[in-house]
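# Coordinates in review
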Amino acid sequence: MSAAPDELREWFDREGLTRRLIEYSEPGEIVERICDPLIALGPGDNDFVHAPNPAACGWPGAPLFAMALDDYNVFLFRWLEAAVRLDLVRCAHCGKLILDGDDLPDPDTWDAIFIEKELVAWMLVHFDCKRWLAKKLKGMQPFDLSASLPPAIDLSALTPDETERPPDVGTLD
Ligand SMILES: [Zn+2]
């Protein structure tokens, strides 16, 4: 899984978000596999996509090289919000479609989660599904997953305020 263009890979490396695995295949042959951060668009091993480059989404905020992880979290949160409006995201635990709206009934309320373990990934999960997710993600190996290219999402219409406001991205612990 090495879909990240150089600039994005460099930035992920700088922030400690890439995972590397050395494999010995043939005698004397060493292969390094690199896994970039992922986004789970659903609960399955095949529901992962690569985390996108803000520039590819028309991000009107700070350029990647000037971003800290917090800034990238803002970008990713806006990206996920847009993906929800396009009906592209399902709960990382139960697989039900994540719904848009400020006033959702309790079973539909959800949270954005950032995992930084062996697996580095963003995902959306219902509040009620959250406690099941930690168990599922424990020890999950990014190298076992197959990730696709992220869907094209255009964020160029966001206001400066929306590109800077700290997002509400939680963790599991
Ligand atoms: Zn759920």
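Residues numbered from 1 in each chain as written. Predicted model: local features only at pLDDT ≥ 70, side-chain atom pairs only at ≥ 80, totals over all residues.

### Notes on the overall build of the chain
Per the secondary structure count, the chain includes four helices and seven strands. Mapped from its N terminus to its C terminus, the chain presents α and β elements in the order α-β-β-β-β-α-β-β-α-α-β. A globule of 173 residues ought to have a C-alpha radius of gyration of about 16 Å, and the chain, at 16 Å, matches this closely. Based on the C-alpha atoms only, the size of the chain along its principal axes is roughly 60 × 35 × 25 Å. Relative to its 173 residues, the chain shows a buried fraction of 29%. Put simply, of all contacts in the chain between residues at least 6 apart along the chain, 62% involve residues at least 24 apart. (Helix = DSSP H or I, 4+ residues; strand = E, 2+ residues; numbered from the N terminus. Rg over C-alpha atoms; globule rule 2.2 N^0.38 Å. Buried ≥ 20, exposed ≤ 12 C-beta atoms within 10 Å, placed from the backbone. Contact = placed C-beta atoms within 7 Å.)

### A short note on the nonpolar core
Counting residues in each nonpolar core, the largest one holds 35 residues, and the members touching the most others are I39, L80, A121, M123, L124 and V125. The element that contributes the greatest number of residues to this core is helix α2 (residues 69–85), accounting for eight residues. Setting aside chain neighbours within four positions, we find V125 in contact with C91, A92, H93, W110, D111, I113, K130 and L133. (Core = buried A, V, L, I, M, F, W, Y, C linked by C-beta atoms within 7 Å.)

### Thoughts on unusual backbone geometry
Positive phi values are uncommon outside glycine, yet D87 reaches one of about 60°. You can see D87 is positioned in the loop between α2 and β5 (110–116). Note on D87: 11 C-beta atoms within 10 Å, which makes it exposed.

### What to know about α2
Compared with an ideal rise of 1.5 Å per residue, which puts 17 residues at 24 Å, α2 spans 24 Å between its outermost C-alpha atoms and is within 8% of the ideal. The set of residues buried in α2 consists of Y72, V74, F75, L76, F77, R78, W79, L80 and A83. Trailing α2 by a residue or two, D87 shows a phi angle of about 60°, which is positive. (Expected span 1.5 Å × (residues − 1).)

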